[in-house]
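Each chain is listed here by its residues.
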Amino acid sequence: MKRLRLVPDNTNIGFISKRYIALALSACLLLGSFGLLGGKGLNLGIDFLGGILMEVKTKGPADIGALRSKIGSLGLGEVSIQEFGAPDDVLIRVQRQEGGDKQQQRAVKFISDAIVDDVVEFRRTETVGPTVGNELKQSAILAILMSIGAILLYVWFRFEWQFGLGAIIALTHDVITTLGLFALLNLEFNLASVAALLTIAGYSINDTVVIYDRVRENMRKYKKMPLTELFNKSVNETLARTVMTSVTTLLALTALLVFGGEVIRGFSIALIWGVLIGTYSSVALAVPMLLYLKVQRADNTDTAAQVTS
């Protein structure tokens with residue numbers, strides 16, 4: 001019985017020779033992401049903004065205009081109402097009310113009473129204060145920065161500083177473009193999204209370390225081979241493993257996107273993008289960066305192979 005091979009044996013794709021195309025593409029993705037984040041911004045969820053969040057199921061397709069009119073007449077401040085996955089599933093956001101928890105619960109009761117004739121089921125109700133929201137925002141930023149710093153130290157000590165810096169460049173590229181995707185698609189950015197970013201960081205660095213390990217091995221083995229050829233050889237030798245891992249992960253994530261429901265839709269989309277962009281950056285960005293960072297060959301080696309044309 002033949003094994004499934006997504007990448008043929010003896011593959012020799014010129015990834016390093018095409019590095020300028022990859023760098024140009026990455027530059028466009030980063031510029032686009034910065035533009036979206038600076039212009040449109042992230043659609044921050046209640047976890048970070050604070051306020052009241054209610055998910056309700058209406059009698060038949062929701063009349064968003066009527067619901068907005070009823071809730072807007074209560075004088076509770078800024079109100080956002082949108083369909084949430086299905087025509088009869090509605091997400092209601094209301095700004096944080098002045099006062100403590102009693103004022104929030106009072107506002108929730110006002111909203112419930114105002115729309116009770118249109119609603120079949122109140123599925124969930126959440127309230128988050130502005131102080132908690134700011135603390136969560138700071139904690140999320142700190143978690144992302146600490147994870148990137150820890151990854152830098154790990155790769156630095158395992159390989160050399162050039163490898164660590166190359167990995168962080170690729171990883172930062174993945175995180176920023178994922179944030180750009182959230183801004184582009186107007187996906188809600190909440191604590192689950194932060195978890196997705198950290199998961200993407202772990203997946204991307206795992207892929208990068210596997211390729212870097214082969215690069216280091218080949219640098220010790222082929223002392224006379226030009227670095228461009230050696231890097232390309234290393235990427236191609238690990239390509240089958242990289243593609244198989246990505247495809248199997250994407251199969252699971254696609255099932256999660258299709259059957260997981262609207263609540264984790266943003267999380268699933270972020271992970272799918274993260275797998276794709278992480279695989280791309282590990283192959284087309286992290287390794288070519290070693291050329292510009294002038295990584296040095298190891299001096300202690302037992303064998304030296306002749307360069308073949």
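Each chain carries its own residue numbering, running from 1 in the direction its sequence is written. Owing to the predicted nature of the model, reporting of local features is limited to residues with pLDDT of at least 70; listing and counting of side-chain atom pairs is limited to 80 or more, with chain, interface and lining totals taken over all residues. Computation of side-chain values: all heavy atoms of the structure, hydrogens and water removed.

(A) Seen up close, the environment of Ala286. Note on conventions: DSSP H or I runs of at least 4 residues are helices, E runs of at least 2 residues are strands, and numbering of each starts at the N terminus. When you line up the elements, Ala286 lands in helix α9 (residues 265-292). Separated by 81 residues in the primary sequence, Ala286 and Ile205 have C-alpha atoms spaced 9.8 Å apart. Here a residue-residue contact requires only that any non-hydrogen atoms of the pair lie within 4.5 Å. If we skip the residues at most four places from it in the chain, Ala286 touches Gly166, Ala170, Thr208, Tyr212 and Ser281.

(B) Representation of the environment of Ser73. Tracing the sequence through the fold places Ser73 in the loop between α3 (64-72) and β3 (79-83). Relative accessible area decides the class of each residue, using a 1.4 Å probe on protein chains only: under 20% of the type maximum gives buried, over 50% gives exposed, and in between gives partly exposed. For Ser73, a relative accessible area of 59% translates into the label exposed. Linking Ser73 and Ala114, residues 41 residues apart in sequence, is a C-alpha distance of 9.4 Å. For this analysis, a polar contact is any N or O atom pair within 3.5 Å, provided that within protein one partner can donate a hydrogen and the other can accept it, and provided that sequence-adjacent residues contribute only side-chain to side-chain pairs. A distance of 2.7 Å separates a polar atom in the side chain of Ser73 from the backbone oxygen of Lys70.

(C) Local environment of the nonpolar core. We call a set of buried Ala, Val, Leu, Ile, Met, Phe, Trp, Tyr and Cys residues a nonpolar core when their side-chain atoms join them within 4.5 Å. Counting 50 residues, the largest nonpolar core has Val155, Phe163, Tyr212, Val215 and Phe231 as the members making the most contacts within it. Those elements giving two or more residues to this core turn out to be α5 (130-158), α6 (161-185), α7 (191-221), α8 (227-259) and α9. Tallying contributions element by element places α7 first for this core, with twelve residues. Residues within four places of Phe163 in sequence aside, it is in contact with Val155, Tyr212, Val215, Met219, Leu290 and Val295. Membership of the second largest hydrophobic core comes to 18 residues, among which are Ile71, Val90, Val108 and Val119.

(D) Geometry of the side chain of His173. Looking at where His173 falls in the secondary structure, it is placed in helix α6. Given the relative accessible area of 2%, His173 is considered buried.

(E) Structural context of the pairing of strand β2 (residues 51-58). Taken across its eight residues, β2 has seven buried, putting it largely inside the fold. For two strands to be treated as a pair, DSSP must find at least two bridges joining them. Where β2 and strand β4 (residues 89-94) come together, six bridges link them in antiparallel fashion. Across the sheet, residue Val56 finds its bridge partner in β4, namely Val90.

(F) The arrangement of the pattern of salt bridges in detail. By definition here, a salt bridge exists when the distance from a side-chain nitrogen of Lys or Arg to a carboxyl oxygen of Asp or Glu is within 4 Å. All chains considered together, the criterion is met by eleven salt bridges. A salt bridge links Arg123 to Glu55, with the nearest nitrogen and oxygen atoms 3.8 Å apart. Taken as a pair, Arg123 in strand β5 (residues 119-128) and Glu55 in strand β2 lie far apart in primary sequence, 68 residues in all. What makes Arg123 partly exposed here is its relative accessible area of 37%. A residue is classified by how much of its surface remains accessible, and Glu55, at 7% relative accessible area, is buried. We note a salt bridge from Arg123 to Asp89, for which the minimum N-O separation is 3.1 Å. Of this pair, Arg123 sits in strand β5 while Asp89 sits in strand β4, and the two are 34 residues apart along the sequence.

(G) Region of interest: unusual backbone geometry. If you check the backbone angles, Asn186 has positive phi at about 55° while not being a glycine. For Asn186, the location among the structural elements is in the loop between α6 and β6 (188-189). According to the relative accessible area criterion, Asn186 is partly exposed, its value standing at 45%.

(H) Spatial organisation of the packing of aromatic side chains. To pair, rings of Phe, Tyr and Trp, with the six-membered ring standing in for Trp, must have centres within 6.5 Å; the planes then decide the type, stacked if under 30 degrees apart, edge-to-face if over 60, and tilted in the middle. Taken as a whole and assessed by the stated rule, the structure comprises two aromatic pairs. With a centroid separation of 4.9 Å and 85° between ring planes, the pair formed by Phe163 and Tyr212 is classed as edge-to-face. Placement of Phe163 in helix α6 and of Tyr212 in helix α7 is noted, with a sequence separation of 49 residues between them. Both residues of the pair, Phe163 and Tyr212, count as buried. Plain terms: the ring middles of Phe182 and Phe189 are 5.4 Å apart, the flat faces sit at 90° to each other, and that makes the pair edge-to-face. Each member of the pair, Phe182 together with Phe189, is buried.

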